[in-house]
Amino acid sequence: MCSGRVDLEFVLRAFSNGMDGVFIGGCRLNECNYITHGNYHALNMALLCKKIMEHIGLNPDRLRIEFMSSAEGILFAEVMSEFGNKVRELGPLGKGEGIDQNELKSKLAEIRKLVPYIKVVHQEKLASRLENPEHYDKLFTKDEIDKLLSEVISYYIDPEKCQACMTCAKRCPVEAILSAKNQVHVIDQEKCIKCGTCFEACPPKFSAVTKISGEPVPPPLPEEKRTIVRKKKEKGEKDKE
Ligand code: SF4
Ligand code: SF4
């Protein structure tokens, strides 16, 4: 219904499914019927997606976003025919750019896994309202996206510090933390969407969640070594309590 609903994931999924081009049509900017002005969100998402496409070697012209009213049938027909010709000229996805099909598939799969992370990192820019088309190209720079994708952050629970309070597991939005009573907690890196909630939620007195950038995540503690052996309180201390 609204172009603002077109998620970055939808566009990347279309390319993963072999689409040679993606067109997003939205209402004219500043003519949205709602206070949300979702078409600005769609514009920012498309600008971000174009930089991501450049990062993985795809021609960003394969993605086009245009704004027009439902009364502009002729404009719509012209834009679609122009875009269709452009995509035909670019050729099949990946082949036109000289990227191996398997390599392209794995690059797209990797980026799709990072969509929530990319959206969290760039949430402010994604919510901005660009009034001047001259600023479109400056919203996201290729260097910024290259850096973001080459220095992806990961989260790791330090087994020496984790006290199995379970706070992180309760707050994780995708159930990526292996949690059990009296067991050191472990992040399933395959499921983790790098939202950083566990990092914020771990009580400061434990500070067991670490942020890792550009380095491999240490392997998880083997299951049989995860039980936390708590020291019994001295009798004197107990009596005082
Ligand atoms: S960063 Fe932490 S809270 Fe967020 S998905 Fe990963 S494990 Fe879960
Ligand atoms: S919140 Fe911190 S101490 Fe508590 S289970 Fe998670 S990592 Fe361990």
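Anyway, here's the lowdown on the structure attached to this text. (Residues numbered from 1 in each chain as written. Chains lettered and ligands numbered in written order. Predicted model: local features only at pLDDT ≥ 70, side-chain atom pairs only at ≥ 80, totals over all residues. Heavy atoms only, no water.)

### Overview of helix α8 (residues 142-150)
- For α8, the full list of buried residues reads I145, L148 and L149. Within α8, the buried residues cover an arc of 90° as seen down the axis, which keeps them to one side. Residues of α8 that are exposed and point more than 90 degrees away from the buried face comprise D143, K147 and S150.
- Next to the buried residues of α8 lie α2 (38-55), α4 (101-113) and α5 (115-121). (Buried < 20%, exposed > 50% of the residue type's maximum accessible area, 1.4 Å probe, protein only. Helix = DSSP H or I, 4+ residues; strand = E, 2+ residues; numbered from the N terminus. Arc of directions from axis to C-beta. Contact = heavy atoms within 4.5 Å.)

### A few points about the site of ligand 2
- The full set close to ligand 2 counts 14 residues, and C162, C165, M166, C168 and C202 are the nearest of them.
- For the shell around ligand 2, the residue count by class is 11 nonpolar, 3 polar and no charged. (Near = heavy atom within 4 Å. Nonpolar A, V, L, I, M, F, W, Y, C, P; charged D, E, K, R; others polar.)

### Concerning unusual backbone geometry
- The backbone of N30 shows a phi angle near 75°, a positive value even though the residue is not glycine.
- Topologically, N30 is positioned in the loop between β1 (22-26) and α2.
- The phi angle at H37 is positive, at roughly 45°, despite the residue not being glycine.

Take it as geometry only, folks, not as evidence of what the structure does.
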